[in-house]
Amino acid sequence: MGDAAEPFIALDEEALGELNSSAAEALLDTIDSLRELQVGEIVNLPQIIVVGDQSSGKSSVLEAISGLSFPTKGDLCTRFATELVIRRGPETKINVRIIANSPDSTSPRLYRRSTFNRETLGEIIREATERMGIRSGSAKRFSRDVLRIELTGPDVVSLTLVDLPGFFHSPTEDQTREDKRLVGRIAKHYMVQPKSIILAVVAANNNLANQKVADVALEHDPSRERTLGVITKPDLTATGSQDERKYLQLAKNQESMHKLKLGWHVLRNRPEGREKISSVLRNEEEDIFFERGAWATISPENRGISSLQKKLSRILLDHIQKTLPSLTREIEISLSSRQRDLEKLGKPRENAEDLREYLFEIGTKFKQLARDGVEGRYTSEFFGGLYDDREARKLRARIRKLNTAFYVTLVTKGVDRKINWDDDRTCFQEEKIPWEFDKDEEVPEYLVPYLKLFEGVTEPGEVDESDLHDELEQLAANNRGMEFPGLPNGDLGFQLFKMQIRPWAEIANLYLQQMISFARSFVEELISHIIGSDERTTNAILVNYIDVFFENKHALVKDKLQEIIRPYTESYVPPVDFEFHSALLSATAKRQAERYADVLLENFPAIFTDKGGKGLTRNLIESTFLEDEAVRGSEFGIEAIVDMTETHFEISLGTFAQNVVNLVAENCLVSDLNTILTPSLFGRMSEDRLRELASESEEVRAQRAVLQHEIDILMEGLKKCRQSRTLQRRD
């Protein structure tokens, strides 16, 4: 990582010393050890980020806190994020590296330094700027790359400071609108992290309304719990001016729009032209400034670098204590996620037995989870929780909703022409559906998206009963055969029936195509879940097994539907005699009863008056017709053909729907899903085939190594966090 051969680090011990305290030692050691373990590469750790507008004095704030000399002028204004990680350790050393985040970055990841003192930082930043491609004449002005400087020594404090590029409002020759957006993205990356303490720097010599940082900090810390405001350049405001009064109000945390729970702090920067004066002299001049004038009214704990260092120490300690439980949970979650990913990759696969065992586990899990999905047992994590919206994985629930939508569509749209009855006869569709289908608000909400899958089905036409009679009389006259006078040709009813069921094939085809789509998406998600990120094996199984299975099933389902629908469309398909006879008799009797009841009611209304249970009712008339044997053979003209066709349609529709669902969808497709991949399939497979399906790619090997490395880091980090929490509870 870096040189350890007697390098020299000379930091300002006075500047850093205030950040040490015996009470903070255990917690700071914990965070320090997590950084040393590189846990910070995986989860966010507590850190202090310094943000502000350009020329707000950020660099001076950083220098005052750390004792290091940050560049403050010219081309060396902050053009990228600089992470300064200072940590204690038995050896004194420095590591400098560039973390490449830019797509076009060619920056070396690591370069060496053997010496360091407070003036060296400027040299490092200049060199990093050049390595990132930010140089005179270049179109690149800012970079997403990160400069990380890690300083280790026995006499320093564990602290992470992040210097971010300053915000600016208007583009110039040196800073474009795209640069402005890039600076915003860099700042957001750090400010949005809940474990970052935000030092929002504003300059007292610039109107607060012109400085963007306060609004950006509020955006990422809406509760204002982790933002500490820092006011710089108080000596540059005119004595007694409106700006001075405004910033004094802000410094006292009395400005209503910018009150912060951590408050505001005032620092006096090194005067322009005297940037090289020592820290001791800088602090003496600052103390003198705050002893007189309006700024002397600011409480001593809210002004000056010495009190800021103490304040940061307390804030950092409190923040670590507050965030340690959530940090522990975050590490636990990241650890569990990586362990699951590593488990999905399986053990390293070196020989045929390793490959077979890997595929055997895939087949075992697939068979079980596919069966669970088909049977509606959603206990596995694959299916999500009770309120999880991963609907595609809960296959049986999806199938049942699709079945209902299929049946409703058959009932409402599965007829060539709806008959508008001349009497009060109830429409067939109204009897079968428990709501008025033309009113969306009465349709169950869960069913609406499934019904929309059938929106493309043509709406049926309509015909009045009287017009249909006239049409059928003409057809009966033109198609007379050897039947007795007064009776229509017996084939006429079957021809009318075949006309009426013409939409069935379209609706059933649409239903089955959607069923195949649901089944396929379920299987593909299941395969991806089981295999994880091993894309090579996933793609091999999809191409060699999943695609082949659904191609075959598509042809089988198509043939089976033709087999089921052929008798209805091409030949004689009588309903069951007794069921048909009973239903037809009921329909005919009701028609006759309604007719005679209307005549009696119109001419003899008095006989319908109930007198001690002896009055005539419509039900009595209907039951009388049902009991009269003569009704069964009476008036078998055109009306009988309509009744027979309608009765045949109603009885056949239910049977057809059941056959499509059970014999086609379930029997030919759904019930076979768990047979696509089985352990036995791989038990008899050749070695060449095993390698074709399951041999590891270089990407998988690399991913396994990365996951194992991160798991080791997180496990050790979790151990450190738990030890620290145990010590806290004892205290």
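Residues numbered from 1 in each chain as written. Predicted model: local features only at pLDDT ≥ 70, side-chain atom pairs only at ≥ 80, totals over all residues. Heavy atoms only, no water.

Per an unreviewed UniProt entry, the protein chain is named GED domain-containing protein, and its organism is Xylaria arbuscula.

1. Considerations on the overall build of the protein chain
From N to C terminus, the protein chain includes 23 helices and 13 strands. When burial is assessed residue by residue, the protein chain has 49% of its 731 residues classed as buried. In the protein chain, the share of contacts with a sequence separation of at least 24, taken over all contacts with a separation of at least 6, comes to 80%. Accessible area for the protein chain stands at about 36,300 Å²; split by element, carbon and sulfur atoms hold 49% of it. (Helix = DSSP H or I, 4+ residues; strand = E, 2+ residues; numbered from the N terminus. Buried < 20%, exposed > 50% of the residue type's maximum accessible area, 1.4 Å probe, protein only. Contact = heavy atoms within 4.5 Å. Areas by Shrake-Rupley, 256 points an atom, 1.4 Å probe, with all protein chains shown as cover.)

2. Things to note about the packing of aromatic side chains
A complete count under the given rule lists eleven aromatic pairs for this structure. Judged by centre distance (4.9 Å) and plane angle (20 degrees), the ring pair of Trp-504 and Phe-656 falls under stacked. Here the residue Trp-504 occupies a position in helix 16 (residues 504-531), and Phe-656 occupies one in helix 20 (residues 638-668), the gap between them amounting to 152 residues. Judged by relative accessible area, Trp-504 falls into the buried class, the value being 0%. Of the aromatic side chains, those joined through ring pairs into one cluster are Tyr-378, Phe-382, Phe-383 and Phe-522. (Phe/Tyr/Trp six-rings, centres within 6.5 Å; stacked < 30°, edge-to-face > 60°.)

3. Side note on the pairing of strand 9 (residues 196-203)
Burial runs high along strand 9: eight of the eight residues are buried. Of the two faces of strand 9, the one lined by Ser-196, Ile-198, Ala-200 and Val-202 and the one lined by Ile-197, Leu-199, Val-201 and Ala-203 are each fully buried. Relative to strand 9, strand 2 (residues 47-52) runs parallel, the two being bridged by six bridges. Pairing of Gly-52 across the sheet is with Val-201, part of strand 9. Here strand 9 pairs with strand 10 (residues 227-232) via six bridges, running parallel. Residue pairing across strands places Val-201 opposite Val-230, the latter belonging to strand 10. Regarding the hand of the β-α-β motif, the stretch spanning strand 9, helix 6 (residues 213-220) and strand 10 is right-handed. (Pairing = 2+ DSSP bridges. Right-handed = clockwise from strand over helix to strand, strands pointing away.)

4. Topic: the side chain of Asn-269
Looking at the element boundaries, Asn-269 is found in the loop between strand 11 (264-266) and helix 8 (279-290). Assessed through its relative accessible area of 10%, Asn-269 is described here as buried. At 3.0 Å, the side chain of Asn-269 forms a polar contact with the backbone nitrogen of Lys-233. Setting aside chain neighbours within four positions, we find Asn-269 in contact with Gly-57, Ser-60, Thr-232 and Lys-233. (Polar contact = N/O pair within 3.5 Å; in protein donor to acceptor, adjacent residues only side chain to side chain.)

5. Here we look at the confidence of the model for the protein chain
Close reading of the predicted structure is inappropriate where its pLDDT is low. Here the protein chain averages 79 in pLDDT, while 75% of its residues score no lower than 70. At the level of individual helices and strands, the protein chain shows its lowest average pLDDT in helix 1 (residues 13-17), which scores 48, and its highest in strand 11, which scores 95. Low pLDDT (under 50) marks residues 1-8, which in the prediction has 19 contacts with non-local residues, meaning those over four places away or in another chain. Confidence drops under a pLDDT of 50 for residues 627-636, and excluding neighbours within four residues, the segment shows nine contacts in the predicted structure. (pLDDT = per-residue confidence, 0-100.)

6. Points about unusual backbone geometry
Here the phi dihedral of Arg-224 falls at roughly 60 degrees; this positive angle occurs in a residue that is not glycine. For Arg-224, the location among the structural elements is in the loop between helix 6 and strand 10. Not every positive phi belongs to a glycine, and Asn-253 is a case in point at roughly 60 degrees. With respect to the element layout, Asn-253 can be found in the loop between helix 7 (242-251) and strand 11.

7. What about a negative patch on the surface?
There is a patch of like negative charges on the surface, built from Glu-462, Asp-464, Asp-467, Asp-470 and Glu-473. Within the residue set of the negative patch, elements represented by two or more residues are strand 13 (461-464) and helix 14 (465-478). The greatest single-element share of the negative patch, amounting to three residues, is contributed by helix 14. (Patch = residues over 30% accessible without salt bridge, like charges linked within 9 Å, V, L, I, M, F, W, Y side chains within 5 Å. Salt bridge = Lys/Arg side-chain N within 4 Å of Asp/Glu carboxyl O. Lys, Arg positive; Asp, Glu negative; His and termini not counted. Charge placed at Lys NZ, Arg CZ, Asp CG, Glu CD.)

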